[in-house]
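Structural characterization, general
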Amino acid sequence: MQWLIVLVALATAILFAILLAKAPRGRRGLLIFSVLDLIGVAAYETYMHAIWEKSIHAPIRIDIFVVDLPLFILGIVSGIAGMCRTKSSRPVQ
């Protein structure tokens, strides 16, 4: 489960980073937040799986449901909102 979260978070972060590179200058806020959020989720999950779980006997990962999934969903929703915002036809002033 942990590596699935990491792979999906990094894949969507890369997708939103590509869209961020093509986005107009005034409409990048949500995409920047989304990329940083998803990279943070992937880094946190990698740390928890690779280092923290090895240091204890029987890890119970409640934080996946309390921390990871809400931040993961927030990152994806903000990235989708950023995609829709950059595709709007209004000119940036």
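Because the structure is a prediction, the values reported are computed rather than measured. (Residues numbered from 1 in each chain as written. Predicted model: local features only at pLDDT ≥ 70, side-chain atom pairs only at ≥ 80, totals over all residues. Heavy atoms only, no water.)

Regarding the overall build of the protein
- Counting secondary structure elements, the protein contains 3 helices and 0 strands.
- Element order for the protein, N to C, with α for helix and β for strand: α-α-α.
- Against the 2.2 N^0.38 benchmark of 12 Å for 93 residues, the protein shows a C-alpha radius of gyration of 16 Å, more extended than a compact globule.
- Principal axes of the C-alpha set define a box for the protein whose edges measure 55 × 20 × 15 Å. (Helix = DSSP H or I, 4+ residues; strand = E, 2+ residues; numbered from the N terminus. Rg over C-alpha atoms; globule rule 2.2 N^0.38 Å.)

Focus: a nonpolar patch on the surface
- A surface patch of nonpolar side chains, amounting to about 770 Å² of accessible area, comprises F33, I60, I62, F65, V66, V67, L71 and L74.
- When residues in the nonpolar patch are grouped by element, the largest group, 5 residues, is from helix 3 (residues 63-86).
- Positionally, I60 belongs in the loop between helix 2 (29-52) and helix 3.
- On the basis of relative accessible area, I60 is assigned to the exposed category, the value being 66%. (Patch = residues over 30% accessible without salt bridge, like charges linked within 9 Å, V, L, I, M, F, W, Y side chains within 5 Å. Areas by Shrake-Rupley, 256 points an atom, 1.4 Å probe, with all protein chains shown as cover. Salt bridge = Lys/Arg side-chain N within 4 Å of Asp/Glu carboxyl O. Buried < 20%, exposed > 50% of the residue type's maximum accessible area, 1.4 Å probe, protein only.)

Some points on the environment of I56
- Here I56 shows up in the loop between helix 2 and helix 3.
- Classification of I56 as partly exposed rests on a relative accessible area of 33%.
- Distance from I56 to V77, taken between C-alpha atoms, is 34 Å for residues 21 residues apart in sequence.

Notes on the pattern of salt bridges
- The full count for this structure, using the stated rule, is 3 salt bridges.
- For R61, the salt bridge identified is with D63, shortest N-O distance 2.8 Å. Pair check on accessibility: R61 and D63 agree, each one buried.
- One network of salt bridges, with partners in common, ties together E45, E53, R61 and D63.

Some details on the environment of R27
- Here R27 is to be found in the loop between helix 1 (2-22) and helix 2.
- What makes R27 buried here is its relative accessible area of 8%.
- R27 sits 21 residues away from M48 along the chain, and the two C-alpha atoms are 33 Å apart.
- Polar contacts involving the side chain of R27 include one to the main-chain carbonyl oxygen of R85, which spans 3.1 Å. (Polar contact = N/O pair within 3.5 Å; in protein donor to acceptor, adjacent residues only side chain to side chain.)

Comments concerning the environment of G40
- Within the secondary structure, G40 is located in helix 2.
- According to the relative accessible area criterion, G40 is partly exposed, its value standing at 36%.
- Distance in space between the C-alpha atoms of G40 and A81 is 19 Å, their sequence separation being 41 residues.

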